[in-house]
Amino acid sequence: MSIAKPPLRKFRLRTSVVLPFVLQIIAAVGFVGYLSFRNSQQSINELTFQLSNKVTGQIDRHLESYLEKPHLLQGVLASAFRNGNLDPNDFQALERQFWSDIKLTDSVDYIYIGKDNGDFIGVQRYLDGKLVVKFRDRTTDSNRVVYEIKQPGDRFEQLQSKPYDPRDRPWYTVTMAAKVPSWTPIFNSENLGVLQISPTTPVYDSQGQLVGVLSTNLLLAQLNQFLNGLSISKSGEAFIIERSGDLVASSTAEIPAVKVPGKEEPGRLKALDSKEPIIRFTAQKLQEQSNTFIQIQKPQQFQFVLNGKTQLVQISPLQQVKGLDWLIVVVIPEEDFMAQIYENTRNTILFVIVALGIAIAIGIQTANWITRPLLRMSQASTEIAQGNLDQQIETSPIIEIDILSQSFNDMSRQLKDSFAALHQSQEELRLANEELENRVERRTAQLRKEKERSEQLLLNILPSEIAERLKRTNESPAEHFEEATILFADIVGFTSLSSRMEPMELVGGLNQIFSAFDQLTEKYNLEKIKTIGDAYMVVGGLPLPRSDHATAIANMALDMQAYMQSLDSIFGESLEIRIGINSGPVIAGVIGIKKFIYDLWGDAVNVASRMESHGKPGYIQVTEATYAHLKEDYILESRGAIAVKGRGEMTTYWLVGRRSIGG
């Protein structure tokens, strides 16, 4: 006996279409709205932290630029002292130099130097723009005298004179002990009444002796101005603190210094004591999380609630400036970005309610329209699925169903047409393949020509051996050559000539001369290195070593000289050439990966350049090293000992000509 199944519950088509449709809309919109709100909040947090990273990076880069400038300036001055270009004992020259340097930047208000004998000189700019010179020497009886100046040396009013010894100052003692560039602690300026910090550099004279300390003062108030000008958010703030918790600068109007009872000079303001709530509470949360500011060694992000509002915080140690251990803090209230999210959420809810009502009405009407033609549509679909491509679907008053009917009909016709066109398409495909192969062959020929042209261009830039090595291994390490001869040539008077001639005419004449020199290079199998303006450089003995490198260079030098003497004037006046030659070991190779050239390095190259610059127009000057190679086969005259920059005295010779056979 079979058990009768309960009858299935029946639903009207309109109910079956509309009710699930409405429920799906409510569920989907509600879920999507919730996710949208959550994702928006997460996106805001991510955006806020990205903004914090961006602001922190801006501050870090600004601090690097702002704080490194004084050390760069000091490095230039210290180098001048070491090289003997600036005398630490010449106070007049130092006053002129400091006066000039302090006008280069607004960040440095004071440049000064203290010496190991107690002497001192510096130039300072006051807040009102007044420039003063401060100095102590044997004429001031252990006092530091202050004069207002308009120009270096123009001292027209004495402002102060009091005992002063730079050797007792922290900036001097710390640097003399460390013997490396250093930083002083932040201090309050006695004359300006603002917070400052001093980068320092030890000073060595031209004999390598440590003679004193060079220092400058930086105005930290300018960091406040920079932070205040940052575009953070509507109410976001940024500030900088030391590991001790002392405030260095902030984007608020608060001054990072406080009056200390019983002391004339202001003291440092602790971030924990700040009157700005966002700075004070952020410092408290930082201390609660890390116990001490010293333990913060890498960027951190966290959030806390202040007055019911979430604050997003990023703290990062200063990365770019050596010697300074500061912390950069950026605080952005979440509310600055969430207000628009809340407004959009309310608008979305209203929109969903309206859209839901419209969707219900449209669903009911759609169900009524679909009832009658739906069966016909189902039967037509079944016929097409069974392969009856001739099946035609009747039109319907419902636009969407009518469009679908036309699509079915078009699909049936296209299938039949596709079978008919299949064989024809195969022939067209074969022809297309042949055309493609012809295009590939033509393109391959073009690429082959371009490759040949590129290789020829590479051979015009580099020696053939170096070019082949670069093509094989993509690298050409520098090589040492024990013996080579280098020639530098310079057209005398070219600089003054260039100011009187048209550029194109000048370049055309120079090209004619250098083209003749290039032919001599090919004639004697030498290697042209480069031209710089009107200077020409060539070398013998590399990249393939050869024993006659000196004689080949000598022959080219004499031919260059003869060419210039026989040359009709191409510039409207006679020209002379000055040539210098030296022999010795060099390093040669290609460095870098862009716009590379084959170049030489070494003392022998520098000496050859000095031979040209210390020579005479119309003469060929050679060193003793080159003289040793040429003395048997060439006529050389002793010039004697000459003073060569960076080398002292050197004995040189004039190359006059070749010896005649048997002469």
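Let us now look at helix 2 (residues 91-102). A rise of 1.5 Å per residue sets the reference length of helix 2, with its twelve residues, at 16 Å; its end C-alpha atoms lie 16 Å apart and thus fit the reference within 8%. All of the buried residues along helix 2 are F91, A93, L94, E95, F98, W99, D101 and I102.

Within the fold, D534 resides in the loop between strand 19 (527-532) and strand 20 (535-540). Although buried, D534 forms no salt bridge, and the nearest oppositely charged side chain, R578, lies 7.1 Å from it.

To continue, consider the packing of aromatic side chains. Counted under the stated rule, the structure contains 14 aromatic pairs. On the basis of an interplanar angle of 75 degrees and a centroid distance of 4.9 Å, the ring pair of Y112 and W171 is categorised as edge-to-face. Of this pair, Y112 sits in strand 1 (residues 108-115) while W171 sits in helix 3 (residues 170-178); the two residues are 59 residues apart in sequence, bridging distant segments of the chain. Each member of the pair, Y112 together with W171, is buried. With centroids separated by 4.7 Å and ring planes inclined at 55 degrees, the aromatic side chains of Y619 and W654 adopt a geometry described as tilted.

With that settled, consider the side chain of H71. Inspection of the secondary structure assignment puts H71 in helix 1 (residues 13-83). Dropping the residues within four chain positions of it, H71 is found in contact with P181, S182, W183, P199, T200 and T201.

In this section: the confidence of the model for the protein chain. Confidence in the prediction of the protein chain, expressed as mean pLDDT, is 79, and 75% of residues score 70 or more. Taken element by element, the protein chain is modelled with least confidence in helix 8 (residues 464-473), mean pLDDT 60, and with most confidence in strand 23 (residues 620-623), mean pLDDT 95.

In this section: the sheet that holds strand 17 (residues 326-333). The strand order 12-11-17-16-15 describes an open sheet built from five strands, whose pairing is antiparallel. Each edge of the sheet is formed by a strand with only one pairing partner; in this case those strands are strand 12 (247-250) and strand 15 (300-306). Looking at each pair of strands side by side, their axes are set apart by 25 degrees on average, direction ignored. One ladder, built from seven bridges, connects strand 16 (residues 309-317) with strand 17; its direction is antiparallel. Bridge assignment links V313 to a residue of strand 17, and that residue is V331. The sheet contacts of helix 4 (residues 221-228) involve strand 11 (237-242), strand 12 and strand 17, and relative to strand 12 the element is tilted by about 40 degrees. Along the sheet, helix 5 (residues 277-290) makes contact with strand 11, strand 12, strand 15, strand 16 and strand 17, crossing strand 15 at roughly 125 degrees.

Before going further, it helps to spend a moment on a nonpolar patch on the surface. Taken together, the side chains of V354, I358 and I362 present a nonpolar region at the surface, about 280 Å² in accessible area. Counting through the fold element by element, I362 comes out in helix 6 (residues 335-385).

Moving on, we get to the environment of N85. The topology assignment puts N85 in the loop between helix 1 and helix 2. Take N85: its relative accessible area is 62%, and that puts it in the exposed class. A C-alpha to C-alpha distance of 8.7 Å links N85 and S206, two positions 121 residues apart in sequence.

Grouped together as the largest cluster of nonpolar side chains are 53 residues, with contacts concentrated most on I59, L63, L67, F98 and W326. A total of ten residues in this core trace back to one element, the largest contributor, which is helix 1. Residue contacts for L63: discarding those within four places in its chain leaves E68, L223, I240, L318, V321, W326 and I328. Formed by 36 residues, the second largest nonpolar core is a distinct cluster that contains F494, A554, M556 and M564.

Bridging between strand 11 and strand 12 involves three bridges; their strand directions are antiparallel. Within strand 12, the position partnered with F239 by the bridge is S250. The antiparallel pairing of strand 11 with strand 12 creates a hairpin that spans four residues between the two strands, and G245 there sits at a positive phi of about 95 degrees.

Turning our attention to helix 11 (residues 549-566). The terminal C-alpha atoms of helix 11, which comprises 18 residues, lie 26 Å apart, in line with the 26 Å expected from a rise of 1.5 Å per residue. Burial analysis of helix 11 places 13 of its 18 residues in the buried class, the great majority of the element.

Another point: unusual backbone geometry. Following L542, the chain continues into P543 via a peptide bond in cis, with omega recorded as 5 degrees. Its location among the elements puts P543 in the loop between strand 20 and helix 11. The residue D141 is not glycine, and still its phi comes out positive at about 55 degrees. With a relative accessible area of 64%, D141 lands in the exposed category. Even without being a glycine, K179 presents a positive backbone phi close to 60 degrees. Counting through the fold element by element, K179 comes out in the loop between helix 3 and strand 6 (182-183). What makes K179 partly exposed here is its relative accessible area of 46%.

What counts, and at which threshold
- Residues numbered from 1 in each chain as written.
- Predicted model: local features only at pLDDT ≥ 70, side-chain atom pairs only at ≥ 80, totals over all residues.
- Heavy atoms only, no water.
- Helix = DSSP H or I, 4+ residues; strand = E, 2+ residues; numbered from the N terminus.
- Expected span 1.5 Å × (residues − 1).
- Buried < 20%, exposed > 50% of the residue type's maximum accessible area, 1.4 Å probe, protein only.
- Lys, Arg positive; Asp, Glu negative; His and termini not counted.
- Salt bridge = Lys/Arg side-chain N within 4 Å of Asp/Glu carboxyl O.
- Phe/Tyr/Trp six-rings, centres within 6.5 Å; stacked < 30°, edge-to-face > 60°.
- Contact = heavy atoms within 4.5 Å.
- pLDDT = per-residue confidence, 0-100.
- Pairing = 2+ DSSP bridges.
- Axes fitted to C-alpha atoms, helices over the stretch in contact; angles between N-to-C directions.
- Patch = residues over 30% accessible without salt bridge, like charges linked within 9 Å, V, L, I, M, F, W, Y side chains within 5 Å.
- Areas by Shrake-Rupley, 256 points an atom, 1.4 Å probe, with all protein chains shown as cover.
- Core = buried A, V, L, I, M, F, W, Y, C linked by side-chain atoms within 4.5 Å.

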